[in-house]
Amino acid sequence: MKIDSINIIYKFSKFISVLCFTISCLITLLLIYLLFGGSLEGHIEMESNINQVIEVNEYSNFNLVPFSLKLFMFLLMVTILFLINTILRCWDNFMTLVKKGKYFEIDTIKNLKYISFILTGIWIVLFIIEVIAEIIVETSISFKENINDYPVNESLYSFDSSFSLPGLTFLVVSTVLWVLSHILIQGIKIKNENELTI
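Residues numbered from 1 in each chain as written. Predicted model: local features only at pLDDT ≥ 70, side-chain atom pairs only at ≥ 80, totals over all residues. Heavy atoms only, no water.

Colleague: When you look at the pattern of salt bridges in this model, what are you seeing that I'm missing?
Modeller: Side-chain pairs of opposite charge can arise whenever the charged atoms involved come near each other. All chains considered together, the criterion is met by two salt bridges. Ionic pairing is found between Asp92 and Lys14, a salt bridge with its closest N-O pair at 3.2 Å. One end of the pair, Asp92, is in helix 2 (residues 67-99); the other, Lys14, is in helix 1 (residues 5-35), and 78 residues separate them in sequence. Classification of Lys14 by relative accessible area gives partly exposed; the value is 31%. Among the charged side chains, a network of salt bridges with common partners joins Lys14, Arg89 and Asp92. (Salt bridge = Lys/Arg side-chain N within 4 Å of Asp/Glu carboxyl O. Helix = DSSP H or I, 4+ residues; strand = E, 2+ residues; numbered from the N terminus. Buried < 20%, exposed > 50% of the residue type's maximum accessible area, 1.4 Å probe, protein only.)

Okay, structure coming up:
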């Protein structure tokens, strides 16, 4: 029995795309709820280091966090979710065309090029955020959930958000995808020209 690996990858891509879109919608709705004064109890600690002066702000509920900080977090998360869903959509389009047997067509390969552009854009955005964070403000946000005033195991229910230099993985993968897509597109164009001359 022959296993159709392209069909398996195609179905898996569809599943991941739909799942990611659904999760993104739920996260966006939660962020909108929190942005406009929604309640989320817990221990929220924000530490700022501006000009070597450390300032710590503690909140017992997310609706007490300043609106400007909530808006910044909302815009950052929505941008990240949008870019992730765009990459998955391009990959889904690529796999759909491959499944239809359109392996060496320009429209199929362009999806890889779009993914490489988006990955480069993500790397640039992360790099700019890192530079701004290093120059102006270093922020570390931690949220620890408490149940009945007893702290929960911090390793399970806490997250720390801080900026660090983005890895070169985005840049390397995007460069490889761009080079491959460029070579394949040029090869397709030469093949089409040769067929026309014959």
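Alright, that's what it looks like, and here's the rest.
Colleague: Mind showing me how you'd approach the packing of helix 1 against helix 2 here?
Modeller: Two quantities define a packed helix pair, namely the angle between the helix axes and the distance between the axes. Where helix 1 contacts helix 2, the axes come no closer than 9 Å and their chain directions differ by 165°. Judged by the angle between their axes, helix 1 and helix 2 are roughly antiparallel. Considering how the two elements wind past one another, helix 1 and helix 2 form a crossing that is left-handed. A breakdown of the residues in the contact of helix 1 with helix 2 according to their chemical character gives 22 nonpolar, seven polar and four charged. (Axes fitted to C-alpha atoms, helices over the stretch in contact; angles between N-to-C directions. Parallel < 35°, antiparallel > 145°, perpendicular 65-115°, else oblique. Left-handed = near helix turned anticlockwise from the far one by under 90°. Nonpolar A, V, L, I, M, F, W, Y, C, P; charged D, E, K, R; others polar.)

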